Amino acid sequence: VQLVESGGGLVQLGDSLTLSCAAPIRTFNSKAMGWFRQAPGRDREFVAAIDWRYNTTYEDAVKGRFTISRDNLVNTVLLQMDSLQSEDTAVYYCALRLLKFGGPSSHSEDYDSWGRGTQVTVSS
């Protein structure tokens, strides 16, 4: 499954940005989706995930600032990012968990398909 992210860009400190990921799979509404990010010189890290029941998990550093949501009618998952900080600068990847009714895992190994990533740069 080829996931396609969009919405990245260059923003100022404290700005907001929304990332979008389209997942062309018929059974999207039974799948968990996640967002991960990778900053230069660092490993890929978990950001947020949402499952088929709209349960969510977040990495501690983004709690209260980022919101993950999904629209099953258009097979899309969104990541609303508010109060962006310089530490949020990274390439953001969308991921799909193929396990039916799987939970919103924070572990990258639980995800089966990945997008190519979209760059988010926060400038001070």
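Summary of the structure given here. (Residues numbered from 1 in each chain as written. Predicted model: local features only at pLDDT ≥ 70, side-chain atom pairs only at ≥ 80, totals over all residues. Heavy atoms only, no water.)

Right, let's talk about the overall build of the protein chain for a bit. Scanning the protein chain from terminus to terminus reveals zero helices and 11 strands. Counting from the amino terminus, helix and strand elements in the protein chain follow one another as β-β-β-β-β-β-β-β-β-β-β. Taking 2.2 N^0.38 as the reference for a compact globule, 124 residues should give roughly 14 Å; the C-alpha atoms of the protein chain span a radius of gyration of 13 Å, in line with that estimate. Taken over the C-alpha atoms alone, the protein chain extends approximately 40 × 25 × 25 Å along its principal axes. By residue count, 43% of the 124 residues in the protein chain fall in the buried class. Of the accessible surface of the protein chain, which amounts to about 6,300 Å², a share of 48% is contributed by carbon and sulfur atoms. (Helix = DSSP H or I, 4+ residues; strand = E, 2+ residues; numbered from the N terminus. Rg over C-alpha atoms; globule rule 2.2 N^0.38 Å. Buried < 20%, exposed > 50% of the residue type's maximum accessible area, 1.4 Å probe, protein only. Areas by Shrake-Rupley, 256 points an atom, 1.4 Å probe, with all protein chains shown as cover.)

Of all hydrophobic cores here, the largest spans 27 residues; its most connected members are Met33, Trp35, Leu79, Met81 and Tyr92. Contributing elements (two or more residues each) for this core: strand 3 (17-22), strand 4 (32-38), strand 5 (45-50), strand 7 (66-71), strand 8 (76-81), strand 9 (90-97) and strand 11 (118-123). Residue contributions to this core peak at four residues, all from strand 9. (Core = buried A, V, L, I, M, F, W, Y, C linked by side-chain atoms within 4.5 Å.)

As a further point, take the pattern of salt bridges. Taken as a whole, this structure holds six salt bridges when the rule is applied. Between aspartate 88 and arginine 37 there is a salt bridge; the shortest N-O distance is 2.9 Å. Taken together, the residues span a long stretch of sequence, with aspartate 88 in the loop between strand 8 and strand 9 and arginine 37 in strand 4 at a distance of 51 residues. With a shortest N-O distance of 3.7 Å, arginine 53 and aspartate 51 are connected by a salt bridge. Using a relative accessible area of 1% as the deciding quantity, one classes aspartate 51 as buried. One continuous salt-bridge network, built from bridges that share partners, spans Arg37, Glu45, Glu59, Arg65 and Asp88. (Salt bridge = Lys/Arg side-chain N within 4 Å of Asp/Glu carboxyl O.)

The four strands lie next to each other as 1-3-8-7, forming an open sheet whose pairing is antiparallel. Edge positions in the sheet fall to strand 1 (4-6) and strand 7, since each of these pairs with one other strand and no more. Averaged over all pairs of adjacent strands, the angle between their axes in this sheet comes to 15°, without regard to strand direction. Across three bridges, the pairing between strand 1 and strand 3 is antiparallel. Among the inter-strand pairings, valine 4 is bridged to a residue of strand 3, identified as alanine 22. (Pairing = 2+ DSSP bridges. Axes fitted to C-alpha atoms, helices over the stretch in contact; angles between N-to-C directions.)

With respect to the secondary-structure elements, threonine 76 resides in strand 8. Reaching out from threonine 76, the side chain makes a polar contact with the backbone oxygen of valine 74 at a distance of 2.9 Å. Not counting residues up to four positions away in its chain, the partners in contact with threonine 76 are Ser20, Cys21, Ala22, Phe28, Ser69, Arg70 and Asp71. (Polar contact = N/O pair within 3.5 Å; in protein donor to acceptor, adjacent residues only side chain to side chain. Contact = heavy atoms within 4.5 Å.)

Nothing here speaks to function; it is geometry throughout.
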